[in-house]
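Here's the letter readout for the chains.
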Amino acid sequence: MARSRILPSLILVAASLAAPTLSHAQSRNAAPHAQTPASQTQAQAAAQAQAQSQAPISPSAAIFSLQGEALAWLQGLVKINTVNPPGNEVAAAKYIADILQKNGIPSEWIESTPGRGFLVARLSASAVADPSRALLLMAHLDTVGVDKSKWSVDPFGGIVKDGTIYGRGVLDDKGPLVANLAAFVALKRTGAHLSRDVIFFAESDEEDGGEYGMKFAVEQHWDKIACGFAINEGGETVMKDGKVWYVGIQAAEKVANNVSVIATGTSGHASMPTKNNAVVHLAAAVAKIGAYDAPVQFTAVTRGYFEGLAAIEDSETQKWMTSLESSDRGEHAARYLSNTNPFFNAMLRDTITPTMLSAGIRVNVIPSEARANLNIRQIPGNQINDLVTALTKLVNDPTVRLDVQAGGREASPNSPLNGEFYEAIKKATAQSFPGAAAFPMMSPWATDSDRLRLRSVQAYGVIPFPLVEADYARMHSDEEQIPVDSFNKGISFLYTIVSGFSVAQ
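From a predicted model like this one, the values you see are computed outputs, not experimental measurements. Sequence order as written defines residue numbering, which begins from 1 separately in each chain. With the structure being a predicted model, the display of local features is reserved for residues of pLDDT at least 70 and the display and counting of side-chain atom pairs for 80 or more, all residues being used for whole-chain, interface and lining totals. Side-chain figures throughout are based on the complete set of non-hydrogen atoms in the structure, without hydrogens or water.

## A word on the overall build of the protein
Moving on, step 1. Summing up its helical and strand segments, the protein has 18 helices and 19 strands in all.
Moving on, step 2. Only protein chains enter the calculation, and the probe is 1.4 Å; a residue is then buried if its accessible area is under 20% of its type maximum, exposed if over 50%, and partly exposed in between. Here the protein holds 505 residues, and 51% of them are scored as buried.
Moving on, step 3. In the protein, of all internal contacts separated by at least 6 residues, the share reaching a separation of at least 24 is 79%.
Moving on, step 4. Per-residue and other accessible areas follow the Shrake-Rupley method at a 1.4 Å probe size, with only the shown protein chains counted as cover for residues. For the protein, the exposed surface amounts to about 23000 Å²; the carbon and sulfur share of it is 53%. Per the convention used, a helix needs a DSSP run of H or I reaching at least four residues, while a strand needs a run of E reaching at least two, with both numbered from the N terminus. By definition in these notes, contact holds between two residues if any of their heavy atoms fall within 4.5 Å.

Put into structure tokens, the structure is as follows:
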């Protein structure tokens, strides 16, 4: 059974924030003894010191201070192993809650199953909440696993070496989570006059489907995170030649499914080969599927992506990008771009990737069954059964069948490309990185923004740290890292987005 509890370290903070403030007369009447002049002086000095410590500071001073603090927060968070499975994100949630508590912000941990759930905190704009205007800053606490033998440093050491921080999750998604946290704390420290509620949200289980995190939050505790706008992972801030080249704003994402390819045959002794060997039939089927390219398709988001990128690419790439929808050169343009960059290929069509093979029980036994897994990423709106039908016809083998596995996600609509929050991100890009382009993108990877878009939330993905394309390739791979300078710039960029959208002018 899911249950909600306030983190123990926050109970006293919440109580103190809720305690009524006595007027001067009430305080005097309630005091059993009059204060002496000496005690009065001490009390006044203490009150003044407390007031000064809580006095708002300028945004620039707050961000400068927070950049150093945030790096330490990220180091501490990386040291908490939240590889999923099992996740055990509660330890990381307590760490974040302690940071919020020290900044006078109460938070709540809502548990979906022991050790898992989500952390939520809120800065309110008014006494009466307006969920349709609220901004959600979301990120996940869990990470994928590691092969420590492939790392030059401890992936859970939070190590800074040669101006770079290394560790599992610094990009996906603990670094963006800390950027959200820094922006959230900066709003508090600056005493910002908010025009909308801002909600900090750290969830579990994103790397394994979201059953114990986002799905749980949306279906059972929507009131805690109800919002009209959200910022999440999923985009890119890409550097080239030492400066930010463009910001890709994730406004859509592909839909992930897994499909089993199952070949059957007759088992027997390996010394007597047969024509209906399941391994042979499976290999032939996977080879056909691996060579298949789904048809090219455009959406408003992918069209905006290629138009935006064409404006800043080299002349040769630009030529082919601007030819993608032409009747005479479109097919060749798509082939050229797909062969040039796997990311371009993923933008243009559904993709089918064989990822796993299994067969046999002994080296000298012909197995009666052989299996493969296809990881499929579809353009939103395309149906998995239609693609499976096309692949079945392609394989054209009665001994092979394709089965859609359970657990596929529902396609979500695109976030609008002309909304106020989208425009705020573009404006913040121009302020933070003069000359950089900003345009929409569809991520081939999945995020938890899809469940928000299904509730009509304008959700956008932005990884705020300026990175070269090789850095992004380290997500889910070895030597995941962020240059400290890029981390600091990302903190400032994200705050510019959040404050520009949420602080009353």
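This is not the end of the story, as more comes after the structure.
## As for the nonpolar core
One broad rule of soluble globular proteins: the nonpolar side chains tend to lie buried together.
Moving on, step 1. Judged by nonpolar contacts, the single largest core of 99 residues is most densely connected at Phe200, Tyr305 and Phe421.
Moving on, step 2. For this core, the element with the highest residue contribution is helix 6 (residues 174–189), accounting for 10 residues.
Moving on, step 3. For Phe200, the contacting residues outside a window of four places in its chain are Ile96, Leu100, Leu119, Val120, Ala121, Leu137, Leu177, Asn180, Leu181 and Phe184.
Moving on, step 4. Counting residues in hydrophobic clusters, the runner-up holds 20 residues, among them Val259, Ile289, Leu374 and Ile376. For the purposes of this section, nonpolar cores are sets of buried Ala, Val, Leu, Ile, Met, Phe, Trp, Tyr and Cys residues that join through side-chain atoms within 4.5 Å.

## What about the packing of aromatic side chains?
Any aromatic ring pair is given by two values, namely how distant the centres are and how the planes are angled relative to each other.
Moving on, step 1. Between 30 and 60 degrees the pair is tilted, below 30 it is stacked and above 60 it is edge-to-face, where a pair is any two Phe, Tyr or Trp rings, Trp via its six-membered ring, whose centres lie within 6.5 Å. Tallying each qualifying case throughout the model produces 18 aromatic pairs.
Moving on, step 2. On the basis of an interplanar angle of 55 degrees and a centroid distance of 6.0 Å, the ring pair of Phe118 and Phe216 is categorised as tilted. Of this pair, Phe118 sits in strand 3 (residues 116–123) while Phe216 sits in helix 7 (residues 214–220), and the two are 98 residues apart along the sequence. Here Phe118 and Phe216 have matching classes, each one buried.
Moving on, step 3. With centroids separated by 5.9 Å and ring planes inclined at 45 degrees, the aromatic side chains of Phe343 and Trp445 adopt a geometry described as tilted. Here Trp445 lies in the loop between strand 17 (437–443) and helix 16 (449–453) and Phe343 lies in helix 13 (residues 342–348), a separation of 102 residues in the sequence.
Moving on, step 4. Phe343 gets classed as buried once you look at its relative accessible area, which sits at 16%.

## Examining the pattern of salt bridges
Moving on, step 1. Should a side-chain nitrogen of Lys or Arg be within 4 Å of a carboxyl oxygen of Asp or Glu, the pair is scored as a salt bridge. Considering all chains together, one arrives at 21 salt bridges under this definition.
Moving on, step 2. Here Arg451 ties to Asp448 by a salt bridge, and the two come within 3.7 Å at their closest N and O atoms.
Moving on, step 3. On the basis of relative accessibility, which here comes to 1%, the residue Asp448 falls in the buried class.
Moving on, step 4. Several salt bridges converge on common partners, so that one network encompasses Arg409, Asp448, Asp450 and Arg451.

## A look at the pairing of strand 15 (residues 369–378)
Moving on, step 1. Burial analysis of strand 15 places 7 of its 10 residues in the buried class, which makes it a mostly covered element.
Moving on, step 2. Strand pairing is assigned whenever DSSP detects at least two bridges linking the two strands. The pairing of strand 11 (residues 255–264) with strand 15 spans 10 bridges and is classified as antiparallel. Bridge pairing in strand 15 places Val259 opposite Leu374.
Moving on, step 3. As judged from the 8 bridges shared by strand 13 (residues 351–359) and strand 15, these two strands associate in the antiparallel manner. Within strand 15, the position partnered with Leu357 by the bridge is Ala372.

## Description of the packing of helix 4 (residues 59–78) against helix 5 (residues 90–102)
Moving on, step 1. Here an angle of 0 to 180 degrees is reported between the N-to-C directions of two axes, which are lines fitted to C-alpha atoms, with helices fitted over the stretch in contact. With their axes 10 Å apart at the nearest point, helix 4 and helix 5 run at an angle of 160 degrees to one another. Considering their axes alone, helix 4 and helix 5 lie roughly antiparallel with respect to each other. For the pair helix 4 and helix 5, the sense of crossing is right-handed. Here helix 4 contributes Ala72, Trp73, Gly76 and Leu77 to the contact with helix 5, which in turn contributes Ala92, Tyr95, Ile96 and Ile99. For classification, angles of less than 35 degrees are called roughly parallel, those exceeding 145 degrees roughly antiparallel, those between 65 and 115 degrees roughly perpendicular, and all remaining angles oblique. Note: crossing handedness is left-handed where the near helix turns anticlockwise from the far helix by less than a right angle, and right-handed where it turns clockwise.

## Looking at the sheet that holds strand 6 (residues 164–166)
Moving on, step 1. Taken together, 3 strands build an open sheet; the order of strands is 5-6-19 and the sheet is antiparallel. Strands at the two margins of the open sheet, each flanked by one partner only, are strand 5 (160–161) and strand 19 (481–483).
Moving on, step 2. Pairing geometry for strand 5 and strand 6, over 2 bridges, is antiparallel. Residue pairing across strands places Lys161 opposite Thr164, the latter belonging to strand 6.

## Quick look at the environment of Ser195
Moving on, step 1. The topology assignment puts Ser195 in the loop between helix 6 and strand 7 (198–203).
Moving on, step 2. We classify Ser195 as partly exposed; its relative accessible area is 28%.
Moving on, step 3. With 308 residues separating them along the chain, Ser195 and Val503 place their C-alpha atoms 5.4 Å apart.
Moving on, step 4. Ser195 has contacts with Ala125, Arg133, Phe501, Ser502, Val503 and Ala504, leaving out every residue within four places of it along the chain.

## Some remarks on the pairing of strand 10 (residues 243–253)
Moving on, step 1. Summarising burial for strand 10: 10 of the 11 residues are buried, a large majority.
Moving on, step 2. One ladder, built from 5 bridges, connects strand 9 (residues 236–240) with strand 10; its direction is antiparallel. Bridging from a neighbouring strand, Val238 pairs with Tyr246 of strand 10.
Moving on, step 3. Linking two consecutive strands that pair antiparallel, namely strand 9 and strand 10, is a turn of 2 residues; a positive phi of about 55 degrees is found at Asp241 within it.
Moving on, step 4. Direction of pairing for strand 10 relative to strand 17: parallel, over a ladder of 7 bridges. Across the sheet, Gln250 pairs through a bridge with Met441, a residue of strand 17.

## Regarding the sheet that holds strand 13
Moving on, step 1. Here 4 strands make up an open sheet; going across it, the order is 13-15-11-16 and the pairing antiparallel. Each of the sheet's edge strands pairs with one partner strand only, and the pair in question is strand 13 and strand 16 (400–404). The sheet shows a mean angle of 25 degrees between the axes of neighbouring strands, taken without regard to direction.
Moving on, step 2. Along the sheet, helix 9 (residues 278–290) contacts strand 11, strand 13, strand 15 and strand 16; its crossing angle with strand 15, the most-contacted strand, is approximately 15 degrees.
Moving on, step 3. Across the face of the sheet, helix 14 (residues 384–395) comes into contact with strand 11, strand 13, strand 15 and strand 16 while running at roughly 170 degrees to strand 16.

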